[in-house]
Amino acid sequence: MTSLLLQITTTPVDTTTAIAEGAEAAETTVSLLDLAMNGGWAMFPLALLSLAALYIFFERYLTLKKAAKNPEGFNDRIKSMVLAGDINGAKMLCAQANTPVSRMISKGVSRIGSPLKNIETSIENVGKIEISRLERNLSALATIAGAAPMLGFLGTVTGMIGAFIAIAQAEGSVSPKLLSSGIYEAMVTTATGLIIGLPAYVGYNYLVSKIDSIVHSMEYSSIEFLDLLQEPQL
């Protein structure tokens, strides 16, 4: 009976303690928005960099996706038209495709009758222009991938300086809460910079791989077209 009474009397104490701990945990929970607001001045340029990175990636992704879509059997149809002497038909097919490969071949088709070296030079010049268009804004994305973590670290350094200044100006003993809150608020910018920089870096390399694939297709098509012009049938 005595042990039963002890269990009954201790139960409310344990429940009260659990409720108090739960309330304390709820009070110490910090939302992402609160962290962003406490990150300091660096959070504003980091937000701008994140928006710029998202815009550049998706704009380039859609552009490269469109550039990689050549009509099925495009090279074979161009070869058949050129061998048949249908130059206007070949030009129309290139205009309908409207891709970097088709624009290169269109320039070569329009130069048929000129010396082969001139045709090759014209195709190369168009290829350089097309590659420059494909790589537009990629350097900016690479800059964001490198600058965002550095900017976040700078925000952390300035935040830590402010935290230690507050500690130095505090009268009496410094509370652990003052020290820890200043440090975690300063570290927010470093975490944010890494969250922005890592996806931007991965996205940059993904876009570069897509461009390399398109450039390979351009080189293959141009070589095939130049070989076509040297066939005896012409």
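Residues numbered from 1 in each chain as written. Predicted model: local features only at pLDDT ≥ 70, side-chain atom pairs only at ≥ 80, totals over all residues. Heavy atoms only, no water.

## Remarks on the packing of aromatic side chains
Argument step 1. Applying the stated criterion across every chain yields a total of four aromatic pairs.
Argument step 2. Between Phe57 and Tyr206 the ring centres are 6.3 Å apart and the planes differ by 45 degrees, which places this aromatic pair in the tilted class. Here Phe57 is found in helix α3 (residues 43-67), whereas its partner Tyr206 is found in helix α9 (residues 176-229), with 149 residues between them in sequence.
Argument step 3. Taken together, the ring pairs connect Phe57, Phe58, Tyr61 and Tyr206 into an aromatic cluster. (Phe/Tyr/Trp six-rings, centres within 6.5 Å; stacked < 30°, edge-to-face > 60°. Helix = DSSP H or I, 4+ residues; strand = E, 2+ residues; numbered from the N terminus.)

## Details of the pattern of salt bridges
Argument step 1. Tallied over the full model, the rule gives three salt bridges.
Argument step 2. For Glu59, the salt bridge is made with Arg60, and the minimal N-O distance between the two is 2.8 Å.
Argument step 3. Between Arg103 and Glu130 there is a salt bridge; the shortest N-O distance is 2.8 Å. Highlighted residues: Arg103 in helix α6 (residues 100-110) and Glu130 in helix α7 (residues 116-134), separated in sequence by 27 residues.
Argument step 4. Note on Glu130: relative accessible area 4%, which makes it buried. (Salt bridge = Lys/Arg side-chain N within 4 Å of Asp/Glu carboxyl O. Buried < 20%, exposed > 50% of the residue type's maximum accessible area, 1.4 Å probe, protein only.)

## As for the packing of helix α4 (residues 74-83) against helix α5 (residues 87-97)
Argument step 1. It is at 9 Å that the axes of α4 and α5 come closest, and there the two elements cross at 160 degrees. Viewed along their axes, α4 and α5 adopt a mutual orientation that is roughly antiparallel. Along the contact surface, α4 presents Phe74, Arg77, Ile78, Met81 and Val82, while α5 presents Gly89, Ala90, Leu93, Cys94 and Ala97.
Argument step 2. Considering only residue class, the contact of α4 with α5 consists of eight nonpolar, one polar and one charged. (Axes fitted to C-alpha atoms, helices over the stretch in contact; angles between N-to-C directions. Parallel < 35°, antiparallel > 145°, perpendicular 65-115°, else oblique. Contact = heavy atoms within 4.5 Å. Nonpolar A, V, L, I, M, F, W, Y, C, P; charged D, E, K, R; others polar.)

## Thoughts on the nonpolar core
Argument step 1. Phe74, Ile78, Val82, Ile105, Leu134 and Phe225 are the most contacted members of the largest nonpolar core, which totals 39 residues.
Argument step 2. When residues of this core are traced back to their parent elements, those giving at least two are α3, α4, α5, α6, α7, α8 (138-169) and α9.
Argument step 3. The leading source of residues in this core is α9, at twelve residues.
Argument step 4. If sequence neighbours within four positions are ignored, Ile105 has contacts with Phe74, Ile78, Cys94, Ser221, Ser222 and Phe225. (Core = buried A, V, L, I, M, F, W, Y, C linked by side-chain atoms within 4.5 Å.)

## Remarks on unusual backbone geometry
Argument step 1. Of note, Asn98 is a non-glycine position whose phi angle comes to about 55 degrees, a positive value.
Argument step 2. One non-glycine residue, Asn137, lies in the positive phi region at around 70 degrees.

## With respect to the side chain of Thr156
Argument step 1. Within the secondary structure layout, Thr156 lies in helix α8.
Argument step 2. Accessibility expressed as a relative area gives 6% for Thr156, which makes it buried.
Argument step 3. Apart from the residues within four sequence positions on either side, Thr156 is in contact with Ala186, Met187, Thr189 and Thr190.

As far as function goes, none of this settles anything; it's purely spatial.
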